[in-house]
Amino acid sequence: MRDEDILAFVPEKERTGAKSTEKRKDANPLPEGTSKAMPGKNQELQSDFEDYDPDAGVGAPALNKDFESAFGIITTGIDPLEITESGARITGYISTSRRRDIRLGTYVIVPYGDEDLFARIWKLQYLQEYAVDDATEIHSRRMLQFNHTDEVDYKFLAYLDPICILYEQRTSNGSVLARRMGDRIPRPNTPILPVTEKTKIQTGLNIPGEGIFLGHLSVGGELVKTHAVPPTVPYYLRNDHSMGDPLIFRHMLVCGSTGTGKTFLTKNILRQFMNEDNRYSLRGSPERKNPCLVVMDPQDEYSQLFEDNPELTSDDDFRFMAEKVRFGACKNTKTFVAKIDGESYKGRSRAEQIEFSIPFEMVRNNSWLIAPVGMTELQYVGVDLLLDDYFKRSGQHTYSGFIDLVSDDVARDHYVESGKIHESSYDGIVRRVKNRALARVFDQPARPINGILGQIFKPGQVSVFPTEYITSSRIRDLITLTLMSMIVDNKLSTSGEAAVKETPIILGLDEAHRYLAKAGGEHSRMLISKFADAARQGRKEGLGLFLITQDPQDIDETVFKQINTRIILNLSNDAAIGAIKVRKEFEKRIPYLKKGQMIIQSPDNSDMVEITGLSKCVVKHV
């Protein structure tokens, strides 16, 4: 009995038994005496089947030219192909010639015909092509001797995580590329393609097409390349009112271990905000103003925003302009130097220097300026009482006058005997506030800082406050806390100084963990609470925080929650990595990030991505 299914593959002339009337032109004549029965049939049958050559199919006519660069195809041979509301299982077979091009996190396109699936590779896997046990001593010795693995003996599988569907959305002005959630399943055998269009990548990852430049999209440290000119994909931070307030007023954080390039990166980012055409409007006012950038500079590096980078070439200039990267000196940069008895500021920059002093009068509403962390609750209450009584006195209020008051034995007896302050608490207060460092900073011969607010907070100006030249850490903290309190008090008050209240301010705070740490006492809690209120109201008051730290885990949770954009450089501290709370696939990359590589977590701007910053600083950096 004849099997029709098998015979269907045999040529008609062989099935019917008819003799061939045509001689194959390429057939060689058989030697004399050779049988022409079965061998001839086998030879003719063999010619109908093509030998498998793993490298021969790339240029085959049946392959669409658009798919010649495909990584492989969608397959159901290993796992079922499925997509659900909670996830998906999409497996791709990667051809042998493209396996070296695949990395975890690689972005790919799977076409439907009318729209595309935009996905990233989240898992890679090798499987044996043939059932064989290669875990043997003989096999291992053979492989070690010849050091050769035949790729065609293994299946190389890539598992896709669908990010979104890309489709053309019709508008009144034509059509634009848009995205929606992954709600379609790709067909088996559909090609898996690299993403070569910049617009598709930016739309797929929800990256704005313009704004504040932060870096270039990358995967595993390698820049994502497209067919555009330039080929890299810029990452921009949304900086307009199209979807709410500019994201700088939702606050930013740069965190990374020492030596990972935080200052280099921060200079490049802050420079972008200081372009002439970058203007913001405060709520309740139609006027648009340039921001004032105020930087607390513990290492005396940010005054260099005043100078061009002499290492930039004309090629760098062309590349920066092509991707709307602002570069070059901020000529409207001023350095504000605190007058400290016994200290002098040399300075690295040629920017104009303006001296100021801190009047003790500012302690009236900010008692934590002289109340260090470590005081007991009773001591904090006692300090407030002493300050309140002192400022009720007429005349000039100075630090030395306050010390004379608390050092007076008659005053001590009055507060102790009346029961207002316990004896041990009073003595503890005197020991803590009677500090030589404080005497060197309060009421020095220079203009008081609250008298030069108009010079500090000018639209379009970079105001840098260096503290590196100050040897006392307590004085450095005092200067920083004074400026922070002055900005917050005037921004939150309905009757605040116009120079602060009516100017968009970006406050760059280096070593932010020192000043916004988890509250260690009543006064610390008061400062944190006030700063958290300022962070919450930053959008309407025009106050943007730009925090730089190597210890993000130490920043108080109430402030940390208000930070919308987090830029994560290399961190090796598990506590610091855990505090950032990024997705696991990105969390594992953080300790391996090289200098210049970073993870961007900004839910209101884009999906979480890896980017690489510029290799050169846009201003001077030494």
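Residues numbered from 1 in each chain as written. Predicted model: local features only at pLDDT ≥ 70, side-chain atom pairs only at ≥ 80, totals over all residues. Heavy atoms only, no water.

Looking only at helices and strands, one finds 20 helices and 23 strands in the protein. Within the protein, the proportion of its 622 residues that are buried is 48%. Long-range contacts, defined here as pairs at least 24 residues apart, represent 72% of the contacts in the protein between residues at least 6 apart. For the protein, the accessible surface area stands at approximately 32000 Å², while carbon and sulfur atoms represent 49% of it. (Helix = DSSP H or I, 4+ residues; strand = E, 2+ residues; numbered from the N terminus. Buried < 20%, exposed > 50% of the residue type's maximum accessible area, 1.4 Å probe, protein only. Contact = heavy atoms within 4.5 Å. Areas by Shrake-Rupley, 256 points an atom, 1.4 Å probe, with all protein chains shown as cover.)

The next point concerns the pattern of salt bridges. Applying the stated criterion to the full structure yields 33 salt bridges. Residues participating in the shared-partner salt-bridge network are Asp114, Glu115, Arg180, Asp183 and Arg184. (Salt bridge = Lys/Arg side-chain N within 4 Å of Asp/Glu carboxyl O.)

So, about helix H10 (residues 409–417). Looking at H10, one finds that the buried residues are Ala411, Arg412 and Tyr415. Along the axis of H10, the buried positions cluster into a sector of 100°, meaning they face one direction only. Away from its buried face, by an angle of more than 90 degrees, H10 presents the exposed residues Asp409, Val410 and Glu417. Summarising the contacts, the buried residues of H10 are in contact with helix H8 (377–391), helix H9 (399–407) and helix H11 (423–433). (Arc of directions from axis to C-beta.)

A separate point is the packing of aromatic side chains. As enumerated under the stated definition, the model contains 19 aromatic pairs in all. Taken together, the ring pairs connect Phe360, Tyr390, Phe391, Tyr399, Phe402 and Phe442 into an aromatic cluster. A cation over an aromatic ring shows up here: Lys123 above the ring of Tyr159, its NZ or CZ 4.7 Å from the ring centre. (Phe/Tyr/Trp six-rings, centres within 6.5 Å; stacked < 30°, edge-to-face > 60°. Lys NZ or Arg CZ within 6 Å of the ring centre and 35° of its normal.)

Moving on, we get to the environment of Met274. Tracing the backbone through its elements, the reader meets Met274 in the loop between helix H6 (262–273) and strand E13 (280–281). Sequence separation between Met274 and Asn290 is 16 residues, and the spatial gap between their C-alpha atoms is 7.4 Å. With near-sequence residues (within four places) excluded, Met274 lies in contact with Pro291, Leu293, Cys330, Gly460, Gln461 and Val462.

Structurally, Ser472 is set in the loop between strand E18 (462–466) and helix H14 (473–492). Among residues more than four places away in sequence, those in contact with Ser472 are Ala437 and Arg440.

Right, let's talk about the pairing of strand E4 (residues 107–111) for a bit. Buried residues dominate E4, accounting for 5 of its 5 residues. Burial along E4 is two-sided: the residues Tyr107, Ile109 and Pro111 and Val108 and Val110 are all buried. Here 5 bridges tie E4 to strand E5 (residues 116–128), and the two strands are oriented antiparallel to one another. Its bridge partner lying in E5, Ile109 is registered against Phe118. With 2 bridges joining them, E4 and strand E8 (residues 191–194) adopt antiparallel strand pairing. Of the residues in E8, the one forming a bridge with Val108 is Pro194. (Pairing = 2+ DSSP bridges.)

If you look at the biggest cluster of nonpolar residues, it comprises 91 residues, and the most contacted ones within it are Phe360, Phe402, Phe442 and Phe457. Ranked by the residues each element gives to this core, the list is headed by H14, at 9 residues. Sequence-distant contacts of Phe402, that is, excluding residues within four places in its chain, are made with Phe360, Ile370, Leu386, Leu387, Tyr390 and Val433. By size, the runner-up hydrophobic cluster in this structure holds 54 residues, among which are Met252, Met274, Cys617 and Val618. (Core = buried A, V, L, I, M, F, W, Y, C linked by side-chain atoms within 4.5 Å.)

A few words now on H6. Helix length check: H6, at 12 residues, gives a terminal C-alpha distance of 17 Å against a target of 16 Å (1.5 Å per residue), a fit within 8%. Of all 12 residues in H6, 11 are buried; the element is thus mostly enclosed. Among the residues of H6, Lys262, Thr263, Leu265, Thr266, Lys267, Asn268, Ile269, Leu270, Arg271, Gln272 and Phe273 are the ones counted as buried. (Expected span 1.5 Å × (residues − 1).)

For the protein, mean pLDDT is 86; residues scoring 70 or higher make up 88% of the total. Confidence, expressed as mean pLDDT per element, reaches its minimum in the protein at helix H3 (residues 38–46) with 46 and its maximum at strand E21 (residues 565–568) with 97. Note that pLDDT drops below 50 for residues 5–9; the model gives that stretch 3 contacts with residues more than four away or on any other chain. Scored below 50 in pLDDT, residues 18–47 makes 10 contacts in the model with residues more than four places away or belonging to other chains. (pLDDT = per-residue confidence, 0-100.)

Regular strands have side chains that alternate between both faces of the sheet. As paired strands, strand E6 (residues 154–171) and strand E7 (residues 174–180) are joined by 7 bridges and run antiparallel to one another. Counterpart to Ile165 in the pairing with E7 is Arg180. Joining the antiparallel neighbours E6 and E7 is a turn of 2 residues.

The next thing to look at is a negative patch on the surface. Taken together, the side chains of Asp404, Asp408, Asp409, Asp413 and Glu417 define an acidic patch exposed on the protein surface. Looking at the negative patch, the element that brings in the most residues is H10, giving 3 residues. Mapped onto the elements, Asp409 comes out in helix H10. Here Asp409 falls in the exposed class, since its relative accessible area comes to 55%. (Patch = residues over 30% accessible without salt bridge, like charges linked within 9 Å, V, L, I, M, F, W, Y side chains within 5 Å. Lys, Arg positive; Asp, Glu negative; His and termini not counted. Charge placed at Lys NZ, Arg CZ, Asp CG, Glu CD.)

Turning to the packing of H10 against H11, a few remarks are in order. Interhelical geometry of H10 versus H11 gives an angle of 140° and a closest axis separation of 9 Å. Classified by the interaxial angle, the pair formed by H10 and H11 is oblique. Classified by chirality, the crossing of H11 by H10 is right-handed. Here Ala411, Arg412, Tyr415 and Val416 of H10 come into contact with H11, specifically with Glu423, Tyr426 and Asp427. A per-class count over the contact of H10 with H11 returns 4 nonpolar, no polar and 3 charged. (Axes fitted to C-alpha atoms, helices over the stretch in contact; angles between N-to-C directions. Parallel < 35°, antiparallel > 145°, perpendicular 65-115°, else oblique. Left-handed = near helix turned anticlockwise from the far one by under 90°. Nonpolar A, V, L, I, M, F, W, Y, C, P; charged D, E, K, R; others polar.)

In this section: the environment of Asp489. By secondary structure assignment, the location of Asp489 is in helix H14. Separated by 12 residues in sequence, Asp489 and Lys501 have C-alpha atoms that sit 9.5 Å apart. With residues up to four places along the chain from it excluded, the contact list for Asp489 reads Asn366 and Lys530.

Here we take up unusual backbone geometry. Note that the residue after Val229, namely Pro230, is joined by a cis bond; omega there is -5°. Here His251, not a glycine, exhibits a phi torsion of approximately 80°, which is positive. In this structure, Asp300 takes a positive phi of about 55° despite not being glycine. For Asp300, the position within the fold is in the loop between strand E15 (292–297) and helix H7 (314–322). Asp300 sits in the buried class, given a relative accessible area of 4%.

The contact between H8 and H9 brings their axes to 11 Å, and the two run at 115°. The element H8 and its partner H9 pack so that their crossing is right-handed. Within the contact between the two elements, H8 uses Leu386, Leu387 and Tyr390 and H9 uses Gly401, Phe402, Leu405 and Val406. Here the contact of H8 with H9 is composed, by residue class, of 6 nonpolar, 1 polar and no charged.

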